[in-house]
Amino acid sequence: MRPRLLWRLVVIQFVLLRHGLDEIVLALKIFRPIRFLKFASPWYWLSDNRRRTRGERLVAALEDLGPIFVKFGQMLSTRRDLLPPDLAEALTALQDRVRPFPAQLARQRIEAALGASVTEHFAHFEAEPLASASIAQVHAATLDDGQEVIVKITRPGIHRRIRSDLEILYAVAGLAERYWSEGPRLHPVAVVSEFDKTLMNELDLQREAANAAEFKRQFEGSPMLYVPGVYWDWCRTDVLVQERIHGIPIARTDLLRQANVNMKRLAERGVEVFFTQVFKHNFFHADMHPGNIFVDATDPDQPRYMAVDFGIVGSLMPEDQRYLAENFHAFFNRDYRRVAELHVESGWVPRTTRVGEFEAAIRTVCEPIFQKPLREISFGHFLLRLFQVARQFNMEVQPQLVLLQKTLLAIEGLGRELYPDLDLWETAKPFIERWMRERIGPRAFVERLKDELPYLNQHLSELPRLSIQALTQVHRHTEMLDRQGQELQAMREESRRDRQQGRLTLVGALLLVVFLATQTAAIDRGGVAAVSWLGWAELIAAIGLLAAGLRRS
């Protein structure tokens, strides 16, 4: 590991200690004998750590450590069932209230990106940020025509900071993959690589604008989701200008209830929006923490989601999408045999896996959670059991599904907050069954055939010519294979002759050796006349065989 990375690891430990989080640093057994040394630290006696809650200290430490650690805190903030209430509540501050950078610096970055002063582009620009996140912060503004917009600006120095922390993650992942027994199965380097790619995409605000425009097109006129419009004339790599929306933050369940929002319908629509993105559009919002989701409560009985921040999006390969849909369908129908078979067919578990044993293990994990509301399901325990099954059957982590898994956790966390009695299975099952009928059944075949008809009609007139060309190519390939077969047969015949030649030469040489060995003594005693007729026969045969072998060569 390079010295700079080692120094960064030291800095991380230093930041945790500075914020009084010694219980994290000193949690390892190897540090137990020296835990008393924390009382010798000046920060223990001089800082205000003892006056701050541990949640406040954790948030401050994550902010100091940078964007990657902030995003980790954002993910944890949606998992209230996995954290103590005080920590979960404190971490919600990371969703849209990360420490902002100065407004003057924001103006400078806008002017550098747009090539003119802020007053030339906006009739009004608010210095106080609306929201401040790990990658960028958002200011309210007004265009010359009176349209209310938001201006999103990336943080200064963010590229260098993220690259530094990613190098640490790569180094740790590489060590884990090399020395940890679970490394080859969990693919930590590939997982970090996926994280790297999504972060780099998130840093490009022009890409985010394109993602937002695509989402708006897909959900145009939808009663479930509204996506604000993009103002392309003011969009650059470091600056994004988008329509400003006014809604209730999804995390403010108290305000939603005051507005008499139908929470059951809101939760059900959230599930439907997710499955629509993943299976219908194959383009899903992969950063759905509460800071990015609002609710339009104009019609409380028909609430509509309003989404922002499309920097991280995901999509699936067609085969992964199909396997996931079939897995969901099999889960909902408790067809654990099919679930096991799909895992083997997709290569997520080794081909040598015994399907019957895998089926029994999956049934043991899944059967207890069916027909229960979210408040009675411990998804933390459920995921832990699935991980144990994964270890038992050498199930490999699928890096291309990491974003989807992250989004599923966020959706589950939101559903728990909105309507704990939501039956997740009954809400999602009709959607998956409809998708299966549309994509895999006879209707899907007819639809695909209809889609292919224009192509077939275009190339139908070319079919005779293409058929003749194909037959000609087949004939040429056949002739070539025949020639190659004849050449191969000739090579085999030549090899057979060479082997026969070698055998003749070897036998001749052996006979010559035998003649010399048996007749040398006789020649010494009586001269050449002492050689028997058998010896002369051996000599003649040896010379003949050697001559035949040499002649064949």
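Residues numbered from 1 in each chain as written. Predicted model: local features only at pLDDT ≥ 70, side-chain atom pairs only at ≥ 80, totals over all residues. Heavy atoms only, no water.

Novice: Explanation requested: the overall build of the chain in the structure shown.
Specialist: A tally of regular secondary structure across the chain gives 24 helices and 11 strands. Split into buried and exposed, the 553 residues of the chain put 42% on the buried side. Accessible surface, the chain as shown: approximately 30500 Å² in total, 58% of it carbon and sulfur. (Helix = DSSP H or I, 4+ residues; strand = E, 2+ residues; numbered from the N terminus. Buried < 20%, exposed > 50% of the residue type's maximum accessible area, 1.4 Å probe, protein only. Areas by Shrake-Rupley, 256 points an atom, 1.4 Å probe, with all protein chains shown as cover.)

Novice: When you look at helix α8 (residues 103-114) in this model, what are you seeing that I'm missing?
Specialist: Residues that lie three or four places apart on an α-helix share one face, since the helix turns once every 3.6 residues. For α8, spanning 12 residues, the distance from its first C-alpha to its last is 16 Å, which sits close to the expected 16 Å at 1.5 Å a residue. Within two residues after α8, G115 carries a phi angle of roughly 75°, on the positive side. (Expected span 1.5 Å × (residues − 1).)

Novice: I would appreciate a short explanation of the pattern of salt bridges in the present structure.
Specialist: Pairing between side chains becomes possible if they bear opposite charge and their charged atoms approach one another. Summed over all chains, the structure comprises 17 salt bridges. The salt bridge involving R322 is made with E326; its shortest N-O contact spans 2.5 Å. Residue R322 and its partner E326 are both found in helix α16 (residues 318-332); the two are separated by four residues, about one turn of the helix. Of the charged contacts, one joins R337 and E341 as a salt bridge, the two residues approaching to 3.6 Å between their closest N and O atoms. Here R337 and its partner E341 are both found in helix α17 (residues 336-346), four residues apart, which amounts to about one turn of the helix. What makes R337 partly exposed here is its relative accessible area of 37%. (Salt bridge = Lys/Arg side-chain N within 4 Å of Asp/Glu carboxyl O.)

Novice: Is there a simple way to think about the packing of helix α15 (residues 263-281) against α16 in this case?
Specialist: Two packed helices can be described by the angle between their axes and the distance between those axes. Taken N-terminus to C-terminus, the directions of α15 and α16 make an angle of 135°; their axes are 10 Å apart at the nearest point. Judged by the inter-axis angle, α15 sits oblique to α16. Facing F275, V278 and F279 of α15, the residues of α16 in contact are Q321, L324, A325 and F328. (Axes fitted to C-alpha atoms, helices over the stretch in contact; angles between N-to-C directions. Parallel < 35°, antiparallel > 145°, perpendicular 65-115°, else oblique. Contact = heavy atoms within 4.5 Å.)

Novice: I tried to follow the packing of aromatic side chains on my own but got confused; where do I start?
Specialist: Aromatic ring pairs: the centre-centre distance and the angle between the two ring planes describe each pair. Counting across every chain of the model gives seven aromatic pairs. Here the aromatic rings of F122 and F125 are separated by 6.4 Å at their centres, their planes lie at 40°, and the arrangement is tilted. Centre to centre, the rings of Y231 and W234 are 6.4 Å apart; their planes meet at 65°, and the pair counts as edge-to-face. A residue is classified by how much of its surface remains accessible, and Y231, at 21% relative accessible area, is partly exposed. The structure contains a cluster of three or more aromatic residues connected by ring pairs, namely F274, F275, F279 and F431. (Phe/Tyr/Trp six-rings, centres within 6.5 Å; stacked < 30°, edge-to-face > 60°.)

Novice: What is the right way to read the sheet that holds strand β10 (residues 304-307) from this model?
Specialist: The strands making up a sheet associate through hydrogen bonds between their backbones, and the pairing can be parallel or antiparallel. If you trace the four strands from one edge of the open sheet to the other, you get β5-β10-β9-β7, paired in mixed fashion. Since the sheet does not close on itself, it has two edges, and those belong to β5 (225-226) and β7 (248-249), each with one partner. Sheet topology note: the strand β9 (residues 293-296)/β10 ladder contains four bridges and is antiparallel. Directly across from D296, in β10, lies its bridge partner R304. Most of the contacts of α15 go to β10, to which it runs at about 50°, and overall it touches β5, β9 and β10. (Pairing = 2+ DSSP bridges.)

Novice: So what exactly am I meant to see when it comes to the side chain of Q137 here?
Specialist: Within the secondary structure layout, Q137 lies in strand β3 (residues 136-142). Classification of Q137 by relative accessible area gives buried; the value is 0%. In terms of polar contacts, Q137 uses its side chain to reach the side chain of H139, at 2.9 Å. Ignoring sequence-local partners within four residues, the contact set of Q137 consists of P100, F101, A106, P129, A131, S132, V151, K152 and I153. (Polar contact = N/O pair within 3.5 Å; in protein donor to acceptor, adjacent residues only side chain to side chain.)

Novice: Just checking my understanding: could you explain the environment of R269 for this structure?
Specialist: Position of R269 among the secondary structure elements: in helix α15. A residue is classified by how much of its surface remains accessible, and R269, at 12% relative accessible area, is buried. Residues R269 and Y305 lie 36 residues apart in sequence; the distance between their C-alpha atoms is 8.4 Å. Residues contacting R269, with those up to four places away along its chain left out, are P223, M224, Q302, P303 and Y305. Among the polar contacts made by the side chain of R269, one reaches the side chain of Q302 at a distance of 2.5 Å.

Novice: What's the story with α16 in this structure? I'm lost.
Specialist: Over its 15 residues, α16 runs 21 Å from end to end, which matches the ideal 21 Å to within 8%, given 1.5 Å per residue. Within α16 the residues assigned to the buried category are D320, Q321, Y323, L324, A325, E326, N327, F328, A330 and F332. With its phi angle positive at about 55°, R334 sits one or two positions after the end of α16.

Novice: How should the nonpolar core be read in this particular structure?
Specialist: Counting residues in each nonpolar core, the largest one holds 54 residues, and the members touching the most others are I250, L256, L266, F275, F279 and L418. Secondary-structure elements contributing two or more residues to this core are α13 (205-218), α15, β9, β10, α16, α20 (402-418) and α21 (424-439). The leading source of residues in this core is α15, at nine residues. The contacts of L266, once residues within four sequence positions are left out, are I250, L256, V261, V295, P303, Y305 and L418. (Core = buried A, V, L, I, M, F, W, Y, C linked by side-chain atoms within 4.5 Å.)

Novice: Just to check I follow, could you spell out the pairing of β9 for this structure?
Specialist: Side-chain direction in a regular strand flips from residue to residue, so the side chains alternate between the two faces of the sheet. The alternating pattern of β9 places I293 and V295 on one face and F294 and D296 on the opposite face, and all of these are buried. Two strands pair when backbone bridges link them, and β7 and β9 are joined in this way by two bridges, in the antiparallel orientation. Bridging from a neighbouring strand, P249 pairs with F294 of β9.

Just distances and angles here, no functional claims.
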